[in-house]
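Spelled out, the chains give:
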Amino acid sequence: MKKFDVKQLVICIVAVLAPRFCVAGVYPLTPVLFMTGYMSGVNRSLLFLCSIGGLLALAPVRALVKYGTVLILSAMLVKTVEWYFHRCRTGQTAVLTGAVTAAVTWIWRMLGMPNASTAVIGILEGIFVAGAVFLCTHLSFLFPDRDPRTRRPLPVYVQGSERLSGYAESFSRLSRTFTQMNRYKSDFTAEELSRMQNEVAGSFCVSCDRCSLCWDTEGAPMYQILYRFLQAVQRGEDAAGSAGELKEHCVCVDEMMQRVMQVFEKAHLNLSWYNRLQENRDAIAQQLNAMAYIMEDCARNEQDVTAAEGKLTAQIRLCLKEWGIICEELRILKKAGDKLEVLLYAHTRGKRCVSVREIAAQISKISGRVFLPSKDARALFGEKEARVSFLETTRLLAGYGVARAVREGEQVSGDSFSFQQLDDGRCIMSISDGMGSGTSACKESEMVIDLIEKFMESGFRPDTALQMMNSAMVTHGENNLFSTVDVTCIDMDSGEAEIYKIGASATFIRHGDQVEWLEDHSMPVGVFMNQKPGRQERRLEAGDFVVMVTDGVLEHLYVDDARETAADIIRGIDTENPAQFAREVLEQILLFTGGRVRDDMTVLAAGLWERNG
């Protein structure tokens, strides 16, 4: 038995009271209320008993017999249609109920039953019943889903948000602790110079016969002289030129200078290791901060707006019923960027299968938004219950193509690329050029691209992802291999594009006949701990092309301005196919190099189009 809720209670009570409405000797509300509840998911056995009980208590026996027959015949016909077609639309139900009502009235008159209605009244009653069933069934779907009195914030769909917020705060505090611990040092303090001076005096001067004259006599200037010499060495001045004053007071000046330089080099090495430790702490702090960010993002999660979107919820439920789909659970979530997600847990009536894409098209038609099934959604709804999510898609869509050339003498390219379309409506284009060529450069650039993909799929912003990836590469540091990083993030609704570069080549954007290039001069990723990616913004529209290239494409053109030449090439490409676009760009670049490939070349091109539904 289905769960008895407020909706069923109201319909059952109204069905009991329906016989109180009598017009010209007929009781049209009885079949209307019965079929409305019958098609709205009310417990059918309970509904029948309530309808018969109302007739028995409030109507004469002849009405009980007549409308009891109408209810039984209507239910049998609807059930037969559902069995044969695995669904019965509201319009069909209304027509069948109205026809049965009129037919029973006509048969009642033919049999000469007392107080039988005239044929005209029977026809009018049938028409009224058909229209009322159609209208009331549609209205009944609004009843359980709209609650205008709800003022408090709607609950978060995913549980555990408070715990995630607590974890995020803990990670943020730990990150701040590591950050506060960091004190980078560029020069030695006066105390450290004094320690170096004492070390020189204790290890070298103590064995000299003149030690007592230089250090123990009252007013001996050796302390200030040696201290000034260490300061000169720290400033990078020539040691031989700074030792003039030292020569006047020390007979073993050459040996002392050698000892001073040894002590200073050891102290400088310790300073380098100290700063390296601070860099590692910075890397840990950045990782912890990023973890806190993603936990906070998960804690916010989607907002359940099922009740607030009552009209849309009702329309979807009605549509599913029309398609013969029994909806066990329906939720509407609001995601980032005010995008909606429809979560549906349902199955079909009988052994019929319904395409998930057909349901997505119906939801799109109802809502006025474009919905598509999620990437991992099943293709069909069947008699077995299944959970499927439908995601509101974006205004723009993108396609990409890539063309590559491997450096002469190498088997694999040191360049790697990626093209991602995320569920939150962002399109991510990434390209990385590993320093050098061959297998080692390929592994390095693949590692960079793999990290970017994982971070972006997890929901990180590009700048946060790049900073985390940079800190990971700093601590990686294997064989001193580094890679450039070029990331373009496009919001497929607004067309806003963010271009991030770390040591990467120029990115070209074609707007109609105009081509502009964006570049940033910085070191490759993993060189400096606190390196931040260069960021630029542009607005893209349908018909625009974004072309990303690696250094090998521009460095060997041997023209006055390689970027202007590449822009002319991109401006002259006459195709809307991104794959052909990238291929033609690379082919024309090779014309300038005489077909020589002196460095790995990669051209990644993406075009934008308006989505038509």
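Conventions used here
Residues numbered from 1 in each chain as written. Predicted model: local features only at pLDDT ≥ 70, side-chain atom pairs only at ≥ 80, totals over all residues. Heavy atoms only, no water. Helix = DSSP H or I, 4+ residues; strand = E, 2+ residues; numbered from the N terminus. Buried < 20%, exposed > 50% of the residue type's maximum accessible area, 1.4 Å probe, protein only. Contact = heavy atoms within 4.5 Å. Areas by Shrake-Rupley, 256 points an atom, 1.4 Å probe, with all protein chains shown as cover. Axes fitted to C-alpha atoms, helices over the stretch in contact; angles between N-to-C directions. Parallel < 35°, antiparallel > 145°, perpendicular 65-115°, else oblique. Left-handed = near helix turned anticlockwise from the far one by under 90°. Nonpolar A, V, L, I, M, F, W, Y, C, P; charged D, E, K, R; others polar. Pairing = 2+ DSSP bridges. Lys, Arg positive; Asp, Glu negative; His and termini not counted. Salt bridge = Lys/Arg side-chain N within 4 Å of Asp/Glu carboxyl O. Expected span 1.5 Å × (residues − 1). Phe/Tyr/Trp six-rings, centres within 6.5 Å; stacked < 30°, edge-to-face > 60°. Core = buried A, V, L, I, M, F, W, Y, C linked by side-chain atoms within 4.5 Å. Polar contact = N/O pair within 3.5 Å; in protein donor to acceptor, adjacent residues only side chain to side chain.

**Student:** Got a sec to walk through the overall build of the protein? Specific residues and values, please.
**Tutor:** Looking only at helices and strands, the protein has 20 helices and 17 strands in total. Split into buried and exposed, the 613 residues of the protein put 46% on the buried side. Taking the contacts inside the protein whose residues are at least 6 apart along the sequence as the reference set, 71% of them involve residues at least 24 apart. Roughly 30,600 Å² of accessible area belongs to the protein as shown, and the carbon and sulfur atoms make up 55% of that amount.

**Student:** With reference to specific residues and values, describe the packing of helix α2 (residues 29–39) against helix α5 (residues 90–110).
**Tutor:** Two elements in contact, α2 and α5, have axes whose closest approach is 11 Å; the angle formed by their N-to-C orientations is 150 degrees. One way to sum up the angle between α2 and α5 is to call them roughly antiparallel. Crossing of α2 against α5: the hand is right-handed. Listed contacts from α5 to Pro31, Met35 and Met39 of α2 are Thr93, Thr97 and Thr101. Class assignment for the residues of the contact of α2 with α5 results in 3 nonpolar, 3 polar and no charged.

**Student:** Explain the environment of isoleucine 316 to me, using residue names and the numbers behind them.
**Tutor:** Position of isoleucine 316 among the secondary structure elements: in helix α14 (residues 310–322). As for isoleucine 316 and serine 364, which are separated by 48 residues in sequence, their C-alpha atoms are 9.9 Å apart. When sequence neighbours within four positions are dropped, the list of residues in contact with isoleucine 316 reads Leu330, Ile332, Val342, Ile363 and Ile366.

**Student:** How would you explain the sheet that holds strand β10 (residues 426–434) if you had to name every residue and give the values?
**Tutor:** Spatially, β9-β10-β11-β12-β15 is the arrangement adopted by the 5 strands of the open sheet, whose pairing is antiparallel. Every other strand in the sheet has two partners, leaving β9 (415–421) and β15 (534–539) as the edge strands with one partner each. For this sheet, the mean angle separating the axes of adjacent strands, direction not counted, is 10 degrees. Pairing of strand β12 (residues 496–502) with β15 involves 6 bridges; the strand directions are antiparallel. Bridge pairing links lysine 501 to glycine 534 in β15.

**Student:** I'd like a rundown of the side chain of aspartate 433, residues and numbers included.
**Tutor:** Assignment of secondary structure puts aspartate 433 in strand β10. The side chain of aspartate 433 sits in the buried core without any salt bridge; arginine 407 is the nearest counter-charge, 9.0 Å away. Every residue in contact with aspartate 433, bar those within four places of it in the chain, is listed here: Gly414, Asp415, Ser445, Phe482, Ser483, Thr484, Thr550 and Asp551.

**Student:** Tell me about the sheet that holds strand β7 (residues 386–392), residues and numbers included.
**Tutor:** Taken in spatial order, the 5 strands make up an open sheet running β1-β2-β3-β7-β5, and their pairing is antiparallel. Edge strands, defined here as strands with exactly one partner in the open sheet, are β1 (303–304) and β5 (371–373). Direction of pairing for β5 relative to β7: antiparallel, over a ladder of 3 bridges. Within β7, the residue paired with leucine 372 across the bridge is leucine 391. Packing of helix α15 (residues 356–367) onto the sheet brings it into contact with β2 (325–334), β3 (340–348), β5 and β7, and relative to β5 it is tilted by some 160 degrees.

**Student:** Can you break down α14 residue by residue, with the values?
**Tutor:** Helix length check: α14 (13 residues) gives 18 Å between terminal C-alpha atoms against 18 Å at 1.5 Å per residue, within 8%. Counting buried residues in α14 gives 10 out of 13 residues, a clear majority hidden from the surface. Looking at α14, one finds that the buried residues are Gly310, Leu312, Thr313, Ala314, Ile316, Leu318, Cys319, Leu320, Lys321 and Glu322. Residues of α14 that are buried sit in contact with α2, α5, α6 (119–140), β2, β3 and α15. Within two residues after α14, glycine 324 carries a phi angle of roughly 75 degrees, on the positive side.

**Student:** Explain the packing of aromatic side chains to me, and be specific about the residues and the numbers.
**Tutor:** Under the criterion given, the structure shown has 8 aromatic pairs. Geometrically, the ring pair formed by tryptophan 83 and tyrosine 84 is tilted, given 6.4 Å between the ring centres and 50 degrees between the ring planes. By relative accessible area, tryptophan 83 is classed as exposed at 65%. Among the residues examined, tyrosine 84 registers a relative accessible area of 56% and is labelled exposed. Between phenylalanine 545 and tryptophan 609, the aromatic rings sit 6.3 Å apart at their centres with planes inclined by 80 degrees, giving edge-to-face as the arrangement. One end of the pair, phenylalanine 545, is in strand β16 (residues 545–549); the other, tryptophan 609, is in strand β17 (residues 601–610), with 64 residues separating them in the sequence. When its relative accessible area of 26% is taken as the criterion, tryptophan 609 is described as partly exposed. Through successive ring pairs, a cluster of aromatic residues spans Phe34, Tyr38 and Phe48.

**Student:** Tell me what's going on with unusual backbone geometry, and back it up with residues and numbers.
**Tutor:** Positive phi is not limited to glycine here, since tyrosine 558 has a value of about 55 degrees. The topology assignment puts tyrosine 558 in the loop between α18 (551–554) and α19 (562–572). By relative accessible area, tyrosine 558 is classed as exposed at 60%.

**Student:** Mind laying out the nonpolar core, listing which residues take part and the relevant values?
**Tutor:** The biggest cluster of nonpolar side chains holds 26 residues, and the ones touching the most others in it are Phe508, Val547, Leu554, Phe581 and Val603. Among the elements of the structure, β8 (396–405), β16, α18, α19, α20 (578–592) and β17 are those that each provide at least two residues to this core. Beyond its immediate sequence surroundings of up to four residues, valine 603 is in contact with Gly401, Val402, Ala403, Val547, Met548, Val549, Val553, Ala582, Val585 and Leu586. Core analysis: the second largest hydrophobic core is formed by 22 residues, Ile325, Val342, Ala346 and Val354 among them.

**Student:** Provide a residue-level description of the packing of α5 against α6, including the pertinent values.
**Tutor:** Look at α5 against α6: their axes get within 8 Å of each other, and the N-to-C directions meet at 155 degrees. Taken together, α5 and α6 sit at an angle that is classed as roughly antiparallel. In this structure, the crossing between α5 and α6 has a hand that is right-handed. Residue-level contacts link Thr90, Gly91, Thr93, Ala94, Thr97, Gly98, Thr101, Ala102, Thr105 and Arg109 of α5 to Ala119, Gly122, Glu125, Gly126, Val129, Ala130, Val133, Phe134, Thr137 and His138 of α6. For the contact of α5 with α6, the residue count by class is 7 nonpolar, 11 polar and 2 charged.

**Student:** So what's going on with the environment of arginine 611? Which residues, and what values?
**Tutor:** Its place among the elements puts arginine 611 in the segment after β17. Take arginine 611: its relative accessible area is 22%, and that puts it in the partly exposed class. Non-local contacts of arginine 611, meaning those with residues more than four positions away in its chain, are made with Val370, Leu372, Thr393, Thr394, Arg395, Leu396 and Leu397. A distance of 2.8 Å separates a polar atom in the side chain of arginine 611 from the backbone oxygen of threonine 394.

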